[in-house]
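Structural features, examined
Read off the chains here:
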Amino acid sequence: MDPLPAAADAPSRVEATAPRVRRRSRVVEWTIFFTISFNILSLLKLGPIVHSSVKDQNEINNLPQRQQQRQQHGGAIVDVSTVNLLDLMFHNPPPQIKHTMKANNGNHQVDKNSTAMASALLKIQMHMYDILARWNILAEDLGIDRWVVHGGSAMGAKCFGGMNPWDDDIDMTVLDCKLLDYLWETGEQNVTKYYPNLDERSHSMDNWAALWDSRLIKVREHDMILSRGSRCCGWDKLMSMDLAFLWKPGDAIMGVELECMSRGSSSREKNVMRASGWTKYLQGTKELVTLPFGSTTIKTMPPSLLNTYIRKRYGKQSPCQFPFSDGGGAEISALSDEINHTKTFQLDQQKAQMNFVLKNWYVPKFQREKWLKQKGDKNQLEYTKQLPNLDKIEIDNSISPNGCSWQSNSSSSSDAANIKVIGWNAERGTHWDKFYTMIQEKVELQKPMVILLNEMDVGMARSGNVHTVRQLAIQLGMNYAYGVEFLELTRGTQEEQEATKTQRDSLSLHGNAVLSKCVLGDGMILRDPLPAQYFSDKPERGINADGFEVRLGGRMGLFVRIFQHPSPLIPDLHNFRADKFDIPESLPDHFVVGNVHKVEENVNNRETLWNYFGFGAPAPNISIHEGNGVDLAASQHGVIVQGDFGPQFCSLGGLKKMNNYKIHQTFRVNCLPAGKVEIGPLSGDFFCSNMRASRAVEVTAPCDWSDAKKPLTMADHAIVSIEVEQRSG
């Protein structure tokens, strides 16, 4: 081996005459909840991934300069603060239930008693990405091209585009390690000779349980340590010098773990890899998939093989729902494994992402439980004030970033600006995937410009603990806006609680949504104060599901403007001024769309609606249900609102009702065998607009007849759709 050049951050090399000594190292037993056993973690219903505190981020920003420099060699420093479960582990522990799922019992490095635990994990993850980047270079230099990620890191690659939020290592399998063997055999045995200030226990161990022998190697200009295990562990660990210097007494040896198939994989992987087809595929010549992984990339199997492996290894059908649920149910996806591999993984990762929700609306479970115990005390308005960012709107325009064209999705032959709009009270949004299929198959629903949705869950066990709106939006390729109506303090109705009795709600959010191919902006929420009946300790007829639902928040309407193209003139949120009726003349061409759920009909709400709609002040000395709204701004083509509300709400906002109550019955829906359905007797789910209908309202039954004898009723409200137009000028 050539003499190793001194690393920029290493101590000056001196000749060390003392013989190399192996010290006995004790491995700390995991003491925090999820690190006691990864086997337990696999089935526990964990809470959401939460943003780290500002303190955590400062810890990252204030790393010693040598660590910052070393990170730059492996790629940009990655912000992993958005994927940190540690706060959840202490403040939001999940119930412990019996399980039989297979999982890995590993010695991961987190100390419960450390007040800097979250920061420590973030630092370790940053170093792991750095080591992975150098491994990519090393593998390229050595010509090692048949290697893949395995274990929990395979799940992280699929779902998070990086390490699992709770992980502190990266696991890989290498087909043939002959070149690695040569590198280890020719490496420098005396690491201490060149790094006398480095504790030898950071990379070497010799006791009754384990033997780890180390070599100092060179990856281009960087020194690294390659440790080889025996007795307990027949694999290698690759670590950077920075990571080695982080070691402290009591820690296990850290690093990226490299298992060699040519030497024989570990027992925990060998049988699963063979049964899932990994062994045969890795031994062949077919393409491996390269995916983004933190600040670098990683290799894995194609989606079908990866999913099979995860199912056999961890018992998870739907790993991207974990840790929001146990992942034991069917994968909720309309995607096929035949789709481009990278696109498949990217969609899975995008759907699992809840960064905005977690940053702005997360309430720890202990706080939710505390409020639940106060039900019936009539302090619901005070508790609602404590909800974080309740009237903030999540707007994501990254899914359809280039916007839309008004005419492209309409069946009208006129030269007017046209939009097709779908409205649905989706009753939790549980069956978003089947709704997606209906949109593709039902002519009256195909190619909508806008979808308006009531009662959509985010992080509720009854709907899979997922972001139902985001799941649907990404599947449809549509941007979305989401607003919170309620923080749910129970898991729902009596039936829903019974069905989810071994589960937990990760976020407990329920609200309204707008989806569109167009660019969304200038959003506003109109919210009513929460009546005491929603926070009652006794049954309230038609309000709280016989006492099983307890809520904070308030009935609301979500409104946004839709634009054809992005523009710096489009604000995310509306700058509402109660003392001034706004005319949106400075905005690009747009429509106003809104989704309303049982908002009261009163003077204050009327003035707010007229103000936001750009109609100017309503005429004085008339009732709140009189007056026709007119678009005063030349850039505004019209207003359309839909939702579950009273029949006079349309006129409250200066709009006309588009439904015919005699024929457009929408509630209650009951799907029957042999393609039959009962809908009625109530007419609701109204459309309101100041535009002309180019295609009248149609009612579509939300029925899935895949099982003709036992059809699925997707929601108790029917789906409604309409096309409206506004002539230019």
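Everything here concerns the structure above.
We now turn to the structure provided with this report. (Residues numbered from 1 in each chain as written. Predicted model: local features only at pLDDT ≥ 70, side-chain atom pairs only at ≥ 80, totals over all residues. Heavy atoms only, no water.)

1. A closer look at the packing of aromatic side chains
A complete count under the given rule lists 18 aromatic pairs for this structure. Here the aromatic rings of Trp406 and Phe591 are separated by 4.8 Å at their centres, their planes lie at 90°, and the arrangement is edge-to-face. One end of the pair, Trp406, is in the loop between β10 (394-396) and β11 (417-428); the other, Phe591, is in strand β18 (residues 590-597), and 185 residues separate them in sequence. A network of ring pairs unites the aromatic residues Phe559, Trp610, Tyr612, Phe613 and Phe615 as a single cluster. Cation over ring: Lys237 sits above Trp212, and NZ or CZ is 5.3 Å from the ring centre. Cation over ring: Arg561 sits above Tyr612, and NZ or CZ is 4.5 Å from the ring centre. (Phe/Tyr/Trp six-rings, centres within 6.5 Å; stacked < 30°, edge-to-face > 60°. Helix = DSSP H or I, 4+ residues; strand = E, 2+ residues; numbered from the N terminus. Lys NZ or Arg CZ within 6 Å of the ring centre and 35° of its normal.)

2. A closer look at the nonpolar core
Counting residues in hydrophobic clusters, the biggest one holds 68 residues, and the most contacted among them are Met128, Trp135, Ile170, Leu180, Leu258 and Trp278. Top contributing element to this core by residue count: helix α5 (residues 117-142), with 8 residues. Apart from residues lying up to four places away in sequence, Trp135 is in contact with Ile144, Trp147, Met172, Val174, Leu180, Leu238 and Leu258. If you look at the next biggest cluster of nonpolar residues, it comprises 46 residues, including Trp424, Leu445, Leu476 and Val484. (Core = buried A, V, L, I, M, F, W, Y, C linked by side-chain atoms within 4.5 Å. Buried < 20%, exposed > 50% of the residue type's maximum accessible area, 1.4 Å probe, protein only. Contact = heavy atoms within 4.5 Å.)

3. A short note on the pairing of strand β21 (residues 667-672)
Across 5 bridges, the pairing between β21 and strand β22 (residues 676-682) is antiparallel. Note that in β22 the partner of Val669 across the bridge is Ile679. Hairpin connection of β21 to β22: 3 residues between the antiparallel strands, including Ala674 at a positive phi of 60°. (Pairing = 2+ DSSP bridges.)

4. Comments concerning the sheet that holds strand β23 (residues 686-689)
Pairing within the open sheet is mixed, and its 6 strands lie in the order β15-β17-β18-β19-β23-β20. The open sheet has two free edges, formed respectively by β15 (519-527) and β20 (656-657), since each of these has just one partner strand. As defined by bridge partners, β18 adjoins strand β19 (residues 636-644) across 7 bridges and the pair is classed as parallel. Note that in β19 the partner of Val596 across the bridge is Gly643. Contacting β15, β17 (556-563), β18 and β19, helix α20 (residues 603-613) runs over the sheet at an angle of about 170° to β15. (Axes fitted to C-alpha atoms, helices over the stretch in contact; angles between N-to-C directions.)

5. A word on the pattern of salt bridges
In this structure the tally under the stated criterion is 28 salt bridges. The shortest N-O distance in the salt bridge between Arg201 and Asp199 comes to 2.8 Å. Owing to a relative accessible area of 22%, Arg201 belongs among the partly exposed residues under this scheme. When the shortest N-O distance is used, the salt bridge between Asp236 and Arg263 registers 3.1 Å. Residue Asp236 is located in strand β6 (residues 236-240), and its partner Arg263 is located in the loop between β7 (256-260) and α10 (267-276); the two are separated by 27 residues in the primary sequence. We classify Arg263 as partly exposed; its relative accessible area is 34%. One salt-bridge network, in which partners are shared between bridges, spans Arg428, Glu455, Asp457, Arg462, Glu488, Glu496, Glu549 and Arg551. (Salt bridge = Lys/Arg side-chain N within 4 Å of Asp/Glu carboxyl O.)

6. Describing the side chain of Thr468
Looking at the element boundaries, Thr468 is found in helix α18 (residues 468-476). Contact partners of Thr468, with chain neighbours within four places excluded, come to Arg428, Gly429, Trp432, Met456, Asp457 and Ser463.

7. Some words on the state of the cysteines
A complete count under the given rule lists 4 disulfides for this structure. Disulfide pairing is shown between Cys404 and Cys518; the S-S distance is 2.0 Å. Classification of the bridge connecting Cys404 and Cys518 rests on its S-S torsion, roughly 95°, and on that basis the disulfide is right-handed. Of this pair, Cys404 sits in the loop between β10 and β11 while Cys518 sits in the loop between β14 (509-516) and β15, and the two are 114 residues apart along the sequence. For Cys404, a relative accessible area of 10% gives the class buried. With a sulfur-sulfur separation of 1.9 Å, Cys671 is cross-linked through a disulfide to Cys703. Judged by the torsion about the S-S bond (-85°), the Cys671/Cys703 disulfide is left-handed. (Disulfide = S-S within 2.5 Å.)

8. With respect to the sheet that holds strand β2 (residues 171-174)
Each strand in a sheet pairs with another by means of backbone hydrogen bonds, the pair being arranged parallel or else antiparallel. In spatial order, the strands read β1-β2-β7-β6-β5-β4-β3; together these 7 strands make up an open sheet with mixed pairing. Since the sheet does not close on itself, it has two edges, and those belong to β1 (147-149) and β3 (205-206), each with one partner. When strand β4 (residues 211-219) meets strand β5 (residues 222-230), the two strands line up antiparallel, connected through 9 bridges. Bridge pairing links Ile217 to Met224 in β5. Packing of helix α7 (residues 178-185) onto the sheet brings it into contact with β4, β5 and β7, and relative to β5 it is tilted by some 105°.

9. What about the environment of Arg527?
Looking at the element boundaries, Arg527 is found in strand β15. Residue classification places Arg527 among the buried residues on the basis of a relative accessible area of 18%. Between the alpha carbons of Arg527 and His597 there is a distance of 9.7 Å; along the sequence they are 70 residues apart. When neighbours within four sequence positions are excluded, Arg527 is seen to be in contact with Leu390, Asp391, Val484, Glu485, Gly553, Gly554, Arg555 and Met556. Here Glu485 takes part through its backbone oxygen, which lies 3.3 Å from a polar atom of the side chain of Arg527. (Polar contact = N/O pair within 3.5 Å; in protein donor to acceptor, adjacent residues only side chain to side chain.)

10. A closer look at the environment of Val724
Along the chain, Val724 falls in strand β27 (residues 719-726). Exposure remark for Val724: the relative accessible area of 0% places this residue in the buried category. Sequence separation between Val724 and Lys420 is 304 residues, and the spatial gap between their C-alpha atoms is 6.6 Å.

11. Let's talk about the pairing of β4
In terms of residue burial, β4 counts as a mostly covered element, since 7 of its 9 residues are buried. As defined by bridge partners, β3 adjoins β4 across 2 bridges and the pair is classed as antiparallel. Across the sheet, Asp206 pairs through a bridge with Leu211, a residue of β4. Between β3 and β4, which pair antiparallel and follow one another directly, the connecting turn spans 4 residues. Two successive antiparallel strands, β4 and β5, enclose a turn made up of 2 residues, where Arg220 displays a positive phi of approximately 55°.

12. A word on the packing of helix α17 (residues 432-441) against α18
The interhelical angle for the contact between α17 and α18, taken along N-to-C directions, is 30°, at an axis separation of 9 Å. Relative to α18, α17 is oriented roughly parallel. In the crossing of α17 with α18, the sense of the turn from one axis to the other is right-handed. Here α17 contributes Trp432, Phe435, Tyr436, Ile439 and Gln440 to the contact with α18, which in turn contributes Thr468, Gln471, Leu472, Gln475 and Leu476. Taken together, the residues that form the contact of α17 with α18 break down as 6 nonpolar, 4 polar and no charged. (Parallel < 35°, antiparallel > 145°, perpendicular 65-115°, else oblique. Left-handed = near helix turned anticlockwise from the far one by under 90°. Nonpolar A, V, L, I, M, F, W, Y, C, P; charged D, E, K, R; others polar.)

13. Considerations on α20
Burial analysis of α20 places 8 of its 11 residues in the buried class, the great majority of the element. For α20, the full list of buried residues reads Asn605, Arg606, Thr608, Leu609, Trp610, Asn611, Tyr612 and Phe613. For α20, the capping residue at the N-terminal end is Asn602, with a side-chain oxygen 3.3 Å from the backbone nitrogen of Asn604. After α20 finishes, the residue Gly614 shows a positive phi value of roughly 75°.

These figures come from the coordinates and say nothing about function on their own.
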